[in-house]
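# Architecture and fold: a report
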Amino acid sequence: MQKHSACSVWTSSSCCAASAGSQRRTASTSSSSPKRPDSRRIILNNPKKRNALSLSMLEALRENILTDVDGEDLRVIIISAKGPVFSSGHDLKELTSTQGPEYHTKVFQTCSEVMTLIQDLPIPVIAMVNGVATAAGCQLVASCDIAVATEKSTFATPGVNVGLFCSTPAVAIGRAVPRKVAMEMLLTGSPISARDALLHGLISKVVPEERLEEETLAIAQRVCQSSRPVVALGKATFHRQMAQGRDAAYATASKVMVDNLALRDGQEGIQAFLEKRKPVWSHKPEQVHD
């Protein structure tokens, strides 16, 4: 078992069927059933502080995300939380004038690094939300590739109410929901329900609380069944082309489709379809050579 020097996040690596697991406060990684593709579960585990994204929590989250991220077995990461609050956002005690602008800058830079890291990873990241996600906690949900939430979950950017407009959460949220919805959230601080979050595209699925884990792991299992390099290429291309105009996006995507076909797993998938069999993925970014 490999230990990490973190107190608010722990991970478990298993075959897309991990349970919520332990009540441990240290971050740890354990591996089981290595014959099947692996998922990593990262659990925000500081419920007494509403899983606030303090600097130490953000650093622990970054460390756990990056651990063995290039390993061939890792297919998907799931981020969830202990307690009734997924995350309340930044720890406001760290944002008083006592710490000063240098510390504040480090907090927001680290937060931005974590959020962009999630989207830049070669593997999908799924948020599993059961409760309240506000400010940077809502930003974390918006930054994930997929988000599954329970019916009781709510989402808000209430910083304006305490004199700190949620400008950094707005980057992720404004790219996930329509502009006027984002502005209403940002300007009023009012929470939206899970159903409204689904309607506007902040999350991808709403499920009863008792089915949250089952539904999330079912999605993770589907991801695990695909070729790792194909998924990595597709995820990177999606985020890249979303920032481009239509014509540039088509040019980018068309080139990547050709690159995808040059992958060994790209050709394996097509051959398997034509031969009416299941593909046997190599999970290696190798190209087919003439």
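For the structure, check the block above.
Summarised in this report is the structure supplied together with it. (Residues numbered from 1 in each chain as written. Predicted model: local features only at pLDDT ≥ 70, side-chain atom pairs only at ≥ 80, totals over all residues. Heavy atoms only, no water.)

## Observations regarding the pattern of salt bridges
Note the cut-off: Salt bridge criterion: a side-chain nitrogen from Lys or Arg within 4 Å of a carboxyl oxygen from Asp or Glu. The cut-offs for exposure are 20% and 50% of the maximum accessible area for each residue type, with area from a 1.4 Å probe on protein chains only; residues under the lower value are buried, those over the upper are exposed, and the others partly exposed. A run of H or I in DSSP becomes a helix once it reaches four residues, and a run of E becomes a strand once it reaches two; helices and strands are each numbered from the N terminus.
For the coordinates displayed, the defined rule picks out 13 salt bridges. In this structure, arginine 246 engages aspartate 247 in a salt bridge whose closest nitrogen and oxygen atoms are separated by 3.1 Å. Neither residue differs from the other here; arginine 246 and aspartate 247 are each classed as exposed. A salt bridge links lysine 255 to aspartate 259, with the nearest nitrogen and oxygen atoms 3.1 Å apart. Separated by four residues within a single helix, lysine 255 and aspartate 259 lie in helix α9 (residues 246-262), roughly one turn from each other. Of the residues examined, lysine 255 reaches a relative accessible area of 53% and is grouped as exposed.

## A short note on the sheet that holds strand β10 (residues 154-156)
Rules: Two strands are counted as paired when DSSP detects at least two bridges linking them. A contact between two residues is defined here by any heavy atoms of the two lying within 4.5 Å. A fitted line through C-alpha atoms represents every axis, and for helices the fit uses only the stretch in contact; the resulting angles, taken between N-to-C directions, go from 0 to 180 degrees.
The sheet built from four strands is open, its strands ordered β6-β8-β10-β11 with mixed pairing. Every interior strand has two partners, whereas the edge strands, β6 (85-87) and β11 (192-193), have only one. The sheet contact formed by β6 and strand β8 (residues 132-134) spans two bridges and is parallel. Residue pairing across strands places serine 87 opposite alanine 133, the latter belonging to β8. Running at roughly 100 degrees to β8, helix α3 (residues 136-143) makes contact with β6, β8 and β10 of the sheet.

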